[in-house]
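These are the residues of each chain, in order.
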Amino acid sequence: MIIRKKPKNDIIPFNPEKQYAVIRSSICTGEKVAGFKNKDDGHFIEVMLIRSQMDEQRFKELYGIDKIKTEY
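This report concerns the structure included in the present document. (Residues numbered from 1 in each chain as written. Predicted model: local features only at pLDDT ≥ 70, side-chain atom pairs only at ≥ 80, totals over all residues. Heavy atoms only, no water.)

### A closer look at the side chain of S25
Relative to the assigned elements, S25 resides in strand β2 (residues 19–25). Judged by relative accessible area, which is 8%, S25 ranks as buried. Apart from residues no more than four positions distant in its own chain, S25 is found in contact with G30, E31, K32, T70, E71 and Y72. (Helix = DSSP H or I, 4+ residues; strand = E, 2+ residues; numbered from the N terminus. Buried < 20%, exposed > 50% of the residue type's maximum accessible area, 1.4 Å probe, protein only. Contact = heavy atoms within 4.5 Å.)

### Here we look at the packing of aromatic side chains
The final tally for this structure, using the stated rule, is 5 aromatic pairs. Through a chain of ring-to-ring contacts, the aromatic side chains of F14, F36, F59 and Y63 assemble into a single cluster. Seen from the ring of F44, R24 lies directly overhead, with NZ or CZ sitting 4.2 Å from the centre. (Phe/Tyr/Trp six-rings, centres within 6.5 Å; stacked < 30°, edge-to-face > 60°. Lys NZ or Arg CZ within 6 Å of the ring centre and 35° of its normal.)

The following block contains the structure:
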């Protein structure tokens, strides 16, 4: 189940003890979505669409993330 992103002004809570940041990339279309995946059950919360390297950098800065994993 994917939760759709909220309006730009809402920050989705991120708990690094229970979640990790990930970019989901479609192998068919190339579309990329950044979000958080629960370490226990794999539940993914979509945060933002990634259209450029600048979007990815903004996501990292917004949530204080150094590295982000990409899943296909």
